[in-house]
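Remarks on the overall topology
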Amino acid sequence: MTKVFINPGHSLEGKPDPGCSYNGIQEALICETIAGALAYNLKKNDIDVEVYQQCDMSKTSNEQLNKVPEVANKSNADLFISIHMNGFSDTSAKGTETWYHKNSTGGKKLAELINAKLTRPFKNYTFKDRGAKEDTRNLLVLRATRMPAVLTEICFISNVNDANFIKNNVAAVSERLCEAICEYFGKTVKENTKKLEIRMEHQEEDKYDLYINGEVKLIHNRFQTCIDWLSKHYGV
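Small disclaimer: the values here were computed from a predicted structure and weren't measured.

1. Structural notes on the overall build of the chain
Along the chain, the regular secondary structure elements total seven helices and 11 strands. The buried share among the 236 residues of the chain stands at 56%. Within the chain, residue pairs in contact and separated by at least 24 positions form 71% of the contacts whose partners lie at least 6 positions apart.

2. Some thoughts on the nonpolar core
Core analysis: the biggest nonpolar cluster contains 54 residues, and Ile6, Ile83, Ile154, Ile166 and Leu177 have the highest contact counts within it. Excluding anything up to four places from it in sequence, leucine 177 contacts Ile34, Leu38, Ile81, Ile83, Ile114, Leu118 and Ile154. Among the nonpolar cores identified, the runner-up in size contains 14 residues, and Val71, Phe80, Leu142 and Leu151 belong to it.

3. Here we look at the pairing of strand 11 (residues 215-221)
Where strand 10 (residues 207-212) meets strand 11, four bridges bridge the pair, whose relative direction is antiparallel. Note that in strand 11 the partner of tyrosine 211 across the bridge is valine 216. Between strand 10 and strand 11, which pair antiparallel and follow one another directly, the connecting turn spans two residues, one of which, asparagine 213, has a positive phi of 50°.

4. Quick look at the pattern of salt bridges
Close approach of charged atoms allows side chains with opposite charge to pair. Applying the stated criterion to the full structure yields seven salt bridges. Lysine 74 is the salt-bridge partner of glutamate 70, the closest N and O atoms lying 3.5 Å from each other. With a gap of four residues between them, glutamate 70 and lysine 74 both fall in helix 2 (residues 61-74), about one helical turn apart. On the accessibility criterion, lysine 74 (63% relative accessible area) is exposed. When salt bridges that share partners are traced, they join Glu97, Arg130 and Lys133 into one network.

5. Details of the packing of helix 3 (residues 105-118) against helix 6 (residues 170-184)
The description of two packed helices rests on the angle between their axes and on the distance between the axes. At a minimum axis distance of 9 Å, the contact between helix 3 and helix 6 shows a crossing angle of 140°. Note that helix 3 runs across helix 6; the crossing there is right-handed. Each of Gly106, Lys109, Leu110, Leu113, Ile114, Lys117 and Leu118 in helix 3 lies in contact with helix 6, whose residues at this interface are Val173, Arg176, Leu177, Glu179, Ala180, Ile181, Glu183 and Tyr184.

6. Considerations on helix 6
Taking 1.5 Å as the rise per residue, helix 6 with 15 residues should run 21 Å; its terminal C-alpha atoms sit 21 Å apart, in good agreement. For helix 6, the buried fraction is high: 13 of the 15 residues fall into the buried class. Just beyond helix 6, the residue with positive phi is glycine 186, at close to 75°.

About the cut-offs
Residues numbered from 1 in each chain as written. Predicted model: local features only at pLDDT ≥ 70, side-chain atom pairs only at ≥ 80, totals over all residues. Heavy atoms only, no water. Helix = DSSP H or I, 4+ residues; strand = E, 2+ residues; numbered from the N terminus. Buried < 20%, exposed > 50% of the residue type's maximum accessible area, 1.4 Å probe, protein only. Contact = heavy atoms within 4.5 Å. Core = buried A, V, L, I, M, F, W, Y, C linked by side-chain atoms within 4.5 Å. Pairing = 2+ DSSP bridges. Salt bridge = Lys/Arg side-chain N within 4 Å of Asp/Glu carboxyl O. Axes fitted to C-alpha atoms, helices over the stretch in contact; angles between N-to-C directions. Left-handed = near helix turned anticlockwise from the far one by under 90°. Expected span 1.5 Å × (residues − 1).

What follows is the structure, given as structure tokens:
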């Protein structure tokens, strides 16, 4: 079965690395939520997933980061996606950009698909298209992973309009990411993946509350338990 490795950016619980924080959004936490919704949508489309976020609180941020490509390379995944938010002191900066390694044809293809899907107009908002970009920062998760890999900066949470949209539209954004990945593999998205609004709220360590269409279904369960519950009750 086709498999995707999903890496929500920065550290679980934001410790020691929360990423950026603006407008009431902490990057690490919202990336976890998007990853959970994306994992569910991919499984509904017969794509296996593995989700890993930096989580060893006894290690420094850099030591935690080094483990991400290590775990990814052991996963036998066909694709790697790292999910992030952007932030900048100039709050007028906004939009979506997706990075790929210069030597990765597959990474470039996926980055272009992701940016095209995320910057297509949503019902009430459109992200500025900042482009699919060749990595100029020598990002570890792009150069050290052995499968096609991308790092997507979905929007600028330092921009109030981008931030307000992502706060309330995690489900729609995760659906667009799923569409891009399915298209990469030549798959048609199953329509029934778009009928549920899934939210996973992180509580502590590897514990989450699971909401379906605003109704709480599981409280204080492991991430994988939530995914397994979704599989059992919604026919993955």
